[in-house]
Amino acid sequence: MLQQKSDFPILSQKNKLTYLDSAATSLKPQAVIDAMDEYYTSYSANIHRGLYPLSERASAEYEETRQVIADFIGARSEDEIIFTRNATESVNLVAYSYGREHVQKGDEIVTTVIEHHANFVPWQQLAFGTGADFKVIDITDQGDLNIFDKNGKLQLQDVITPKTKIFACNYVSNVLGTVQPVKDIIKAVRAINPEVIILIDAAQAVPHLEVNVQDLDCDFLVFSAHKMCGPTGVGVLWGRQDLLENMSPFLFGGDMINEVHIDKSVWATVPHKFEAGTPDIAGVIGLKAAVKYLQDVGLEKISKHEDELASYTREKLHEAFGNALSIVGEYSRLPHVGVVAFTIRGCHPHDIAGILAEEQICIRAGFHCAMPLHTRLGAKATSRASFYMYSTKEDADLFVSKLKNAYSVLT
Ligand SMILES: Cc1ncc(COP(=O)(O)O)c(C=O)c1O
């Protein structure tokens, strides 16, 4: 075990929980719950408006998170950090505010078949709405993006053209568990067309890996607090400041505005221009505590721990189910995070998840919001176990042993 289960109060319940669904949402450590609790019990005022001490403190704590996130992902300035509701909203903000103003009929929007719906549907709809071409990069049988030649060298000439306006790609797949070589991909895209705007969906990367937006050289990057020990209800959009400054707001109302007249309104500067209305103040404060928690544990240790656990689980699953088992993305040559999505011949993933649930083992079954990938794989659904810092070998062993029981019931 990397991190004490006792840090996570939900794991101390009377009915012992085996939580293997961290890719859907992570558990929350006491430190995060305490930070949010303190806001509600000690200084629960609205931000940016009150001149009294409670509100000043709430504003300061909220804004401090912006700086913490900027440092965490290597942004040039905290003004490049926008708080949204989740990664999905962050992508939609860019597709709407940037996309609708810059993409036209005949342009190309490029994404991949392995995306979560959050980084697929907003681009698809932008293409449908503007008349742009929607190009989707396919995968090989191993589950790698079809953009490498025989020697593993990136080949994007067929995909990125002078007409490409937007390229949107995940950093880590929530089904295959693979870590895309995004830095190299971005470099290759820019070499073909330096004008392409590149958005990276880092929802499954930021919780596990060191991410640095300047090093990556992307234009936008999105993630969600709830997958990285933080609360639900908070997402992050990082964007290059010059791009953000030239984009129109996504939502209108209070807090995003400097002047309102009957005949015109003047927007606040970034980042506030994109944060209309009262935000999830407690959630943003909780996110700061989550980042501190992750940094204290250490991202490098987290990814090493998960990788070991996932490899161990794959090995045990093969031992148990032989050629009835198929693990998606297993034979990719890319590094993996702690995600193991699989099918077992003769067992429907929903039946597996239902039987395990009776034993307090939480796994996910279905498309995992990645229907184009499942269609491409010819899989109606998969079961997915996903690990995080609090997961243990005992969790993996119990999971495999109860899965064997489920198998004998179902076949
Ligand atoms: C790769 C990826 N992108 C985006 C999302 C969307 O995150 P949210 O539902 O928090 O917006 C998820 C959630 O599972 C994901 O795995």
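By convention here, each chain's residues receive numbers from 1 onward along its written sequence. A pLDDT threshold of at least 70 governs which residues receive local features in this predicted model, and a stricter bar of 80 or more applies before side-chain atom pairs are shown or counted, although totals over entire chains, interfaces and linings include all residues. Note: side-chain values were computed over all heavy atoms of the structure, leaving out hydrogens and water.

As recorded by an unreviewed UniProt entry, the chain carries the name Cysteine desulfurase. UniProt positions are given in the numbering used here, feature names are shortened, and annotations may be inferred rather than shown by experiment. Under the heading Catalytic activity (unreviewed entry), UniProt records this for the chain: "(sulfur carrier)-H + L-cysteine = (sulfur carrier)-SH + L-alanine". Annotation of the chain in UniProt includes, under Sequence similarities (unreviewed entry), the sentence "Belongs to the class-V pyridoxal-phosphate-dependent aminotransferase family. Csd subfamily."

(A) A look at the site of the ligand. Being near a molecule or strand, for a residue, comes down to having at least one heavy atom within 4 Å of it. The immediate surroundings of the ligand are formed by 13 residues, with Thr-88, Asp-201, Gln-204, Ser-224 and Lys-227 found nearest. Pairs of N or O atoms are called polar contacts if they sit within 3.5 Å, as long as, within protein, a hydrogen donor faces a hydrogen acceptor (for residues adjacent in sequence, only side-chain-to-side-chain pairs). One of the side-chain nitrogen or oxygen atoms of Asp-201 is found 2.5 Å away from a nitrogen atom of the ligand. Throughout, the ten residues Ala, Val, Leu, Ile, Met, Phe, Trp, Tyr, Cys and Pro are labelled nonpolar, Asp, Glu, Lys and Arg are labelled charged, and all others, Gly among them, are labelled polar. Classifying every residue of the shell around the ligand gives four nonpolar, seven polar and two charged.

(B) A look at the UniProt feature "domain: Aminotransferase class V" (unreviewed entry) in the chain. The feature "domain: Aminotransferase class V" (unreviewed entry), as annotated in UniProt, sits at residues 18-399 in this numbering. The distance from the first to the last C-alpha atom of residues 18-399 is 8 Å, and the span holds 37% helix and 17% strand. A helix here means a DSSP run of H or I that spans at least four residues, while a strand means a run of E at least two residues long, and both kinds are numbered starting from the N terminus.

(C) Summary view of the pairing of strand β12 (residues 339-344). Burial analysis of β12 places five of its six residues in the buried class, the great majority of the element. Relative to β12, strand β11 (residues 325-327) is paired through three bridges, and the arrangement is antiparallel. Counted as the bridge partner of Leu-325 is Ile-344 from β12. Throughout, exposure labels follow a simple rule: accessible area from a 1.4 Å probe, protein chains only, divided by the maximum for the residue type, with under 20% read as buried, over 50% as exposed, and the rest as partly exposed. When DSSP locates at least two bridges between a pair of strands, those strands are taken to pair.

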